[in-house]
Amino acid sequence: MIENISDTARWVAVYRAMESERPDALFRDKYARKLAGPRGEQIVTAMHRGRDAAWAMIVRTAVFDDIIMTMITEHGADMVVNLAAGLDTRPWRLSLPPTLRWADVDLPEILVYKTESLTHEWPRCRYEALPADLTNEATRRALFTRLATEGKKILVITEGLLIYLTPTQVGEIARDLARHPSMHWWLTDIANPRLLAWMKRSWGKTLEKGNAPFLFAPEEGSAFFHKFGWKEHTFRSTMLESRRLKREMRGAWFWRLVERFVPAKRREEMLRMSGILLLERGDTSD
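Residues numbered from 1 in each chain as written. Predicted model: local features only at pLDDT ≥ 70, side-chain atom pairs only at ≥ 80, totals over all residues. Heavy atoms only, no water.

1. A word on the packing of aromatic side chains
- Evaluation of the coordinates by the stated rule reveals nine aromatic pairs.
- With 5.0 Å between their ring centres and 70° between their planes, Phe216 and Phe224 make a pair best called edge-to-face. There is no split in this pair, since Phe216 and Phe224 are both buried.
- An aromatic cluster of three or more residues is present, and its members are Trp186, Phe216, Phe224, Phe225, Phe228 and Trp230.
- Over the ring of Tyr113 we find Arg10; its NZ or CZ atom is 4.3 Å from the centre of that ring.
- The ring of Phe224 carries the charged tip of Lys227 above its face, separated from the ring centre by 4.4 Å. (Phe/Tyr/Trp six-rings, centres within 6.5 Å; stacked < 30°, edge-to-face > 60°. Buried < 20%, exposed > 50% of the residue type's maximum accessible area, 1.4 Å probe, protein only. Lys NZ or Arg CZ within 6 Å of the ring centre and 35° of its normal.)

2. What to know about the packing of helix 1 (residues 7-20) against helix 2 (residues 32-46)
- Where helix 1 meets helix 2, the closest approach of the two axes is 7 Å, and the angle between their N-to-C directions is 110°. One way to sum up the angle between helix 1 and helix 2 is to call them roughly perpendicular. Handedness of the crossing formed by helix 1 with helix 2: left-handed. Contacts between helix 1 and helix 2 involve Asp7, Arg10, Trp11, Ala13, Val14, Tyr15, Arg16, Ala17 and Met18 from the former and Ala32, Arg33, Leu35, Ala36, Arg39, Gly40, Glu41, Ile43 and Val44 from the latter.
- Here the contact of helix 1 with helix 2 is built from residues that sort into 11 nonpolar, one polar and six charged. (Axes fitted to C-alpha atoms, helices over the stretch in contact; angles between N-to-C directions. Helix = DSSP H or I, 4+ residues; strand = E, 2+ residues; numbered from the N terminus. Parallel < 35°, antiparallel > 145°, perpendicular 65-115°, else oblique. Left-handed = near helix turned anticlockwise from the far one by under 90°. Contact = heavy atoms within 4.5 Å. Nonpolar A, V, L, I, M, F, W, Y, C, P; charged D, E, K, R; others polar.)

What follows is the structure, given as structure tokens:
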């Protein structure tokens with residue numbers, strides 16, 4: 001069972017390992033199985049229909065990979081700041097420019113576990129692990145101020161983080177990031193309240209016992225971030241991406257059928273129940 005928020009990183013690492021071991025894998029994370037460890041397998045086994053949920057995390061990982069590489073190669077991002085990085089291994093597994101700066105930020109225990117597990121592996125970029133509690137305002141602001149000086153076009157990542165925060169906490173992070181002109185883009189995942197309610201019914205009690213409840217799913221979607229200085233650059237629907245990548249959930253045929261008979265507005269709402277959201281500063285045009 002999940003005992004703390006960091007255990008969710010082991011949970012997701014199992015899904016990356018499952019995908020990586022497929023002959024037609026969308027990505028290869030040769031470190032995922034080791035990092036997930038027996039604890040990760042126990043968590044997935046204990047979760048209600050735990051393995052059935054893999055598709056969404058796999059799609060998210062693949063789409064994040066795609067957007068990250070696009071922002072680096074086509075838009076000139078020179079630094080990536082990965083908040084609540086968990087057991088993400090992109091600095092080791094992606095074909096990154098050696099000059100790229102990459103900062104992983106997370107609680108000390110999970111960062112130490114990851115870096116020690118990968119001691120004999122070399123990251124493909126200029127990597128740094130920074131222990132910090134992002135819920136501590138003073139710590140967070142000092143960290144963002146420091147990082148903002150180390151890149152000119154920074155891509156911030158929060159993969160699988162915001163859902164565990166309150167709207168107030170998300171707003172504080174959004175505002176603190178927007179204070180710095182070099183923080184150009186922010187890549188995150190987002191769900192709507194209907195999906196959040198379903199997730200709570202499936203896994204809510206398990207996560208609450210581990211002090212990691214699902215909390216954030218704004219009714220207004222990406223518009224939530226407008227008042228904090230961010231606007232939607234790109235939204236990629238998890239449902240549509242799962243079709244494109246051939247990693248649909250069980251019973252997806254039913255939802256495809258339903259889409260044919262609902263009004264366009266309702267269909268759009270369905271497609272935006274969950275997705276990958278790239279935000280840009282409100283004062284940028286790139």
